Amino acid sequence: LIFFAMYLVIPILFAARRLSSDPVAFVMNGRTGSVAPGQVQGLAALHLSGLTVPDAEELLRADVAASVVARLTEVTRGNPLALLAVAGRLTRAQRAGASPLPDPLPVGERLHTVYDAMVADLPAQVRQAVLLAALDRTAATAAPDRELFDQAEQHGILLPDPPGHSFRHPLLRSAVLRLATPAQLRDGHRFLADHHPPGSVARTLHLAAAATGHDDGLADE
């Protein structure tokens, strides 16, 4: 049984197709969107889905409330590594369902290496657009260059989800927010606030997130 990294996929697939009659086994894995269907054509493939809520309950510790397990399964899409990483970093109150889950989710170093790299590889302007989408899913309606959001879709980060966008995986959004500097987050909130009507809840929330000191008028809003 031989394990190979996906960056060797082309030569390994070349060999796998020509050694099919020999007692040699190739085991490879790839995330959704990282492998083109044509690359594995003619080879046996097993498509894995996330864990169900009952399976997630068995995986996680008994002190995680059923409602929290269900929510974690939803936001991680049943990814076992993500379930363990996030649950292990929750407070006792969060595990019991007495406090809300943190946003962004604390995914741990092993998952950071996966999702952080995907975000870091984006062109600077596309990364800015993705940050706006992480702060407000309808950001594309306010952005001057909607093509940047199309590019984010092509990079496998965003999915069209009218009236805006959602992330291909919720933990990608967590990575985007975690990698942004405080100044970038404030700038993003200010930009989005300007595109919501005065007096709207969304505008007030964005202004509050962009605030750096006391503001009695904003507090009244």
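### Structural notes on the side chain of Thr-76
The topology assignment puts Thr-76 in helix α3 (residues 66-76). Excluding residues that lie within four positions of it along the chain, Thr-76 makes contacts with Ala-82, Leu-83, Val-86 and His-169.

### Considering the environment of Ala-134
Looking at the secondary structure, you find Ala-134 in helix α7 (residues 124-135). Owing to a relative accessible area of 2%, Ala-134 belongs among the buried residues under this scheme. Linking Ala-134 and Gly-188, residues 54 residues apart in sequence, is a C-alpha distance of 9.7 Å. Ignoring sequence-local partners within four residues, the contact set of Ala-134 consists of Phe-167, Arg-173, Val-176 and Leu-177.

### A look at the pairing of strand β3 (residues 158-161)
For β3 and strand β4 (residues 164-167), the ladder comprises four bridges, and the chain directions are antiparallel. Across the sheet, Leu-159 pairs through a bridge with Ser-166, a residue of β4. With antiparallel pairing between neighbouring strands as the criterion, β3 and β4 make up a hairpin whose turn holds two residues.

### A closer look at the side chain of Arg-95
In this fold, Arg-95 is placed in helix α5 (residues 92-96). Judged by its relative accessible area of 12%, Arg-95 is buried. Side-chain polar atoms of Arg-95 contact the side chain of Asp-63, separated by 3.0 Å.

### Some words on the packing of α7 against helix α8 (residues 147-154)
Viewed as axis vectors pointing N to C, α7 and α8 meet at an angle of 90 degrees, and their least axial separation amounts to 9 Å. As far as their axial angle goes, α8 and α7 are roughly perpendicular. Two secondary-structure elements touch here, α7 through Gln-125, Val-126, Ala-129, Val-130 and Ala-133 and α8 through Leu-148, Phe-149, Gln-151 and Ala-152. Looking at side-chain class alone, the contact of α7 with α8 contains seven nonpolar, two polar and no charged residues.

### Considering α3
Counting along an α-helix, one turn takes 3.6 residues, and residues three or four places apart therefore face a common direction. All buried positions along α3 are accounted for by Val-68, Val-69, Leu-72, Thr-73, Val-75 and Thr-76. Looking one or two residues beyond α3, the residue adopting positive phi is Arg-77, at roughly 55 degrees.

### Examining the nonpolar core
Counting 43 residues, the largest nonpolar core has Leu-72, Val-130, Phe-149, Leu-158 and Phe-167 as the members making the most contacts within it. Looking at this core element by element, the count peaks at eight residues for α7. Not counting residues within four places of it along the chain, the set of residues in contact with Val-130 comprises Leu-122, Ala-152, Ile-157, Leu-158, Phe-167 and Val-176.

### Re helix α11 (residues 201-210)
Those residues of α11 that sit buried are Thr-204, His-206 and Ala-210. Down the axis of α11, the buried side of the element spans an arc of 165 degrees, and every buried residue falls inside it. Facing away from the buried surface of α11 by more than 90 degrees, the exposed residues are Val-201 and Leu-205. On its buried face, α11 is in contact with α7, α10 (182-193) and α12 (216-220).

### Some words on the packing of α7 against α10
In helix packing, the relevant descriptors are the interaxial angle and the interaxial distance, both defined with respect to the helix axes. Contact pair α7 / α10: the axes reach a minimum separation of 10 Å and the direction vectors enclose 70 degrees. Between α7 and α10, the angle falls in the class roughly perpendicular. Two packed elements cross with a definite hand, and for α7 against α10 that hand is right-handed. Taking contact as the criterion, the partners of Leu-131, Leu-132 and Leu-135 in α7 are, on α10, Gln-184, Leu-185, Gly-188, His-189, Phe-191 and Leu-192. Of the residues assigned to the contact of α7 with α10, the class counts are six nonpolar, three polar and no charged.

Parameters at a glance
- Residues numbered from 1 in each chain as written.
- Predicted model: local features only at pLDDT ≥ 70, side-chain atom pairs only at ≥ 80, totals over all residues.
- Heavy atoms only, no water.
- Helix = DSSP H or I, 4+ residues; strand = E, 2+ residues; numbered from the N terminus.
- Contact = heavy atoms within 4.5 Å.
- Buried < 20%, exposed > 50% of the residue type's maximum accessible area, 1.4 Å probe, protein only.
- Pairing = 2+ DSSP bridges.
- Polar contact = N/O pair within 3.5 Å; in protein donor to acceptor, adjacent residues only side chain to side chain.
- Axes fitted to C-alpha atoms, helices over the stretch in contact; angles between N-to-C directions.
- Parallel < 35°, antiparallel > 145°, perpendicular 65-115°, else oblique.
- Nonpolar A, V, L, I, M, F, W, Y, C, P; charged D, E, K, R; others polar.
- Core = buried A, V, L, I, M, F, W, Y, C linked by side-chain atoms within 4.5 Å.
- Arc of directions from axis to C-beta.
- Left-handed = near helix turned anticlockwise from the far one by under 90°.

Don't take any of this as a statement about function, it's just geometry.
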